[in-house]
Amino acid sequence: MMQLYLRQTAAGAEERAAVRLLRRRSLWLIVFGLLHATLLMAGDIVGSYGVVGLLLGWLFLRRSDRTLLVWSAVAAGLTIFFAAEAIGAAVTGDLGAVGNAGAPPTTEVYASGEQNVFAAARTRLETGLFVTFVGGIFSVTAPQFLLGFWAARRRILEEPHDHLRLLRWTAVIGITIGWLGGLPAALAHLGVLDVPPAAVSEEGVLSQLRGLTGIPCGLGYVACLALAAHAMSRRVTESRPVIAIAAVGKRSLPSYLSHSLVFSPLLAAWGLGLLGANLSSATMVLFAVGVWLVVAAGAYALERADRRGPAEVVLRRLIYAPRSKGAAGKQRQGNRGR
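Because the structure is a prediction, the values reported are computed rather than measured.

A.B. asks: What's the story with the overall build of the protein chain in this structure? I'm lost.
C.D. replies: Helix and strand counts for the protein chain come out as 16 helices and 0 strands. Against the globule reference of 20 Å for 338 residues, the protein chain gives a C-alpha radius of gyration of 22 Å, in line with a compact fold. For the protein chain, the spread of C-alpha atoms along the three principal axes comes to 80 × 50 × 45 Å. In the protein chain, which comprises 338 residues, the proportion classed as buried is 34%. For the protein chain, restricting intrachain contacts to residue pairs at least 6 apart in sequence, the fraction spanning at least 24 positions comes to 74%.

This is the structure:
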């Protein structure tokens, strides 16, 4: 969001016009997200990003760097506050004190276990609405969004050579916190750690700790990738694997949707139902990696042809069309005046 805003203003657009453009983008992301949730995958995140974009664009897009850092600290405090009960239970060792072992399984919430196509779509829409709006509103309290605004202004990822110390500390501390926070849930999943069923439920202690420590871990991964990009030679950056990975990132929306186009019809019960019938954890990993490689190959082909993904083309047309029509109208008025 911040990069798009800065590009628009650098190109001569007024600040208000750039904000309107971002607002239009956020609204269309909500539409895209709800369509994606209804048709394919209830856990869509595009719609919730749209809600986050509307709120943060209104509240923080044009605020000072100091304001962004202060409110990111406030958001971090709120995030810890909301997880305080789970943190307390983990410290005291009462892992079953938080969570509900009787909550519906993920297959029901996301309708992946529903065999009826229309019933599955209805459940996905209901879940998608909750994930989009409730999840989006609560996501605003996550500090990484405001830190992303601040980092974009400072060009930390674009110019990592000027921020190596910050990136190194962020990578080491963030990834360490994330892995330590996720380790108990991983051990419980493997059966190495014996915990009450409530602890690994959606709102359980281990699940909340994994989500809480996942925030600094995500920032650490971003910093680690920036350091890796800085260390790469020109020969490496121009190699096909790196170009393919970059091509996926440049086409993040169509790449994201492509996974659902493959996963949902093949794995869900309303499709071929391969997930529960034929795949173990190991074969699921192999299948997921295989799908990602196919998507990366497609993105690489589009990069070689200098073309955007289809979903991205549609989104850009919807975002920029009103402005183009307005510019054309002004030009026609000018021609009449002349």
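What follows continues from the structure just given.
A.B. asks: Would you take a moment to explain the packing of helix H4 (residues 65–82) against helix H8 (residues 143–154) for this structure?
C.D. replies: In a packed pair of helices, the relevant descriptors are the angle between the two axes and the axis-to-axis distance. One can describe the packing of H4 onto H8 by two numbers: an axis separation of 8 Å at closest approach and a directional angle of 155 degrees. Judged on the interaxial angle alone, H8 and H4 are roughly antiparallel. Once H4 is placed against H8, the crossing between them reads as left-handed. Counted together, Asp 65, Leu 68, Leu 69, Trp 71, Ser 72, Ala 75, Ala 76 and Thr 79 of H4 and Pro 143, Leu 146, Leu 147, Phe 149, Trp 150, Arg 153 and Arg 154 of H8 form the full contact between these two elements.

A.B. asks: Please clarify how helix H12 (residues 240–250) should be interpreted in this entry.
C.D. replies: All of the buried residues along H12 are Ala 244, Ala 247 and Val 248. Take H12 and look down its axis: the buried residues cluster within an arc of 100 degrees, on one side only. Across H12 from its buried face, at more than 90 degrees, point the exposed residues Ile 245 and Lys 250. Where H12 is buried, its residues touch helix H13 (252–267) and helix H15 (281–304).

A.B. asks: Looking at this structure, I do not really get a nonpolar patch on the surface. What am I missing?
C.D. replies: Taken together, Val 70, Trp 71, Val 74, Leu 78, Phe 81, Phe 82, Ile 137 and Phe 138 make up a surface patch of nonpolar side chains, about 800 Å² in accessible area. When contributions to the nonpolar patch are tallied by element, the ones reaching two or more residues are H4 and helix H7 (117–139). Among the elements that line the nonpolar patch, the one with the most residues is H4, at 6 residues. Checked against the element boundaries, Val 70 lands in helix H4. Exposure remark for Val 70: the relative accessible area of 42% places this residue in the partly exposed category.

A.B. asks: Sorry, what's going on with the packing of aromatic side chains here?
C.D. replies: The full count for this structure, using the stated rule, is 5 aromatic pairs. Centre to centre, the rings of Tyr 49 and Phe 145 are 6.5 Å apart; their planes meet at 80 degrees, and the pair counts as edge-to-face. A residue pair is termed long-range when its members are at least 10 positions apart, and Tyr 49 in helix H3 (residues 46–59) and Phe 145 in helix H8 qualify at 96 residues. You can call Tyr 49 partly exposed: its relative accessible area is 45%. By relative accessible area, which is 22% here, Phe 145 ends up partly exposed. These aromatic residues form a ring-pair network of at least three members: Phe 81, Phe 82 and Phe 138.

A.B. asks: Could you clarify how one ought to interpret helix H9 (residues 164–190) in this entry?
C.D. replies: Side chains of residues three or four places apart in an α-helix project in the same direction, reflecting 3.6 residues per turn. Between the first and last C-alpha of H9 there are 37 Å, a value that for 27 residues agrees with the 39 Å anticipated at 1.5 Å per step. Leu 183 marks where H9 bends most, by close to 35 degrees; the proline Pro 184 follows one to four residues later. All of the buried residues in H9 are Leu 164, Leu 167, Ala 171, Gly 174, Ile 175, Gly 178, Gly 181, Gly 182, Ala 185 and Ala 188. Of the surrounding secondary structure, the elements contacted by the buried residues of H9 are helix H10 (205–231). Positive phi appears at Gly 191, one or two residues downstream of H9, with a value of about 85 degrees.

A.B. asks: I'm lost on unusual backbone geometry in this one. Help?
C.D. replies: Trans is the common state for peptide bonds, and a negative phi is the common state for residues other than glycine. Phi is positive for Ala 111, close to 65 degrees, though the residue is something other than glycine. If you trace the backbone, Ala 111 turns up in the loop between helix H6 (106–109) and H7. Despite not being glycine, Arg 155 shows a phi value in the positive range, around 55 degrees. Among the structural elements, Arg 155 can be located in the loop between H8 and H9. For Arg 155, a relative accessible area of 39% gives the class partly exposed.

Reading the values: the criteria
- Throughout this document, residue positions are counted from 1 along each chain, in the order its sequence is written.
- The model is predicted, so local features are restricted to residues of pLDDT at least 70 and side-chain atom pairs to those at 80 or more, both for listing and for counting; the totals for chains, interfaces and linings are taken over all residues.
- Processing note: side-chain calculations cover all non-hydrogen atoms of the structure and skip hydrogens and water entirely.
- Labels follow the DSSP assignment, with helices taken as runs of H or I lasting at least four residues and strands as runs of E lasting at least two, numbered in each case from the N terminus.
- For this measure, only C-alpha atoms enter the radius of gyration; the expected value for a globule follows 2.2 Å times N^0.38, where N is the number of residues.
- Each residue's exposure class comes from its accessible area (1.4 Å probe, protein chains only) as a fraction of the maximum for that residue type: buried when under 20%, exposed when over 50%, partly exposed otherwise.
- Pairs of residues are marked as contacts when any of their non-hydrogen atoms sit within 4.5 Å.
- Lines fitted to C-alpha atoms define the axes here, with helix axes fitted over just the stretch in contact, and angles between the N-to-C directions of these axes take values from 0 to 180 degrees.
- An angle below 35 degrees is read as roughly parallel, one above 145 as roughly antiparallel, one from 65 to 115 as roughly perpendicular, and any other as oblique.
- For any pair of crossing helices, the crossing counts as left-handed if the nearer helix is rotated counterclockwise from the farther one by less than a right angle, and right-handed if it is rotated clockwise.
- The reported arc concerns the directions from the helix axis to the C-beta atoms and nothing else.
- Like charges are joined within 9 Å and nonpolar side chains (Val, Leu, Ile, Met, Phe, Trp, Tyr) within 5 Å, but only among residues with over 30% relative accessible area and no salt bridge; these make up the patches.
- Note on areas: these come from Shrake-Rupley sampling with a 1.4 Å probe, and a residue is covered only by the protein chains present in the view.
- The term salt bridge refers to a pairing of a side-chain nitrogen on Lys or Arg with a carboxyl oxygen on Asp or Glu at a separation within 4 Å.
- Two rings from Phe, Tyr or Trp (for Trp, the six-membered ring) form a pair when their centres are within 6.5 Å of each other. A pair whose planes differ by under 30 degrees is stacked, one over 60 is edge-to-face, and the rest are tilted.
- The length a helix should cover is 1.5 Å for every residue beyond the first.
- Bend angle per residue: angle between axes fitted to the 7 residues ending at that residue and the 7 residues starting there.

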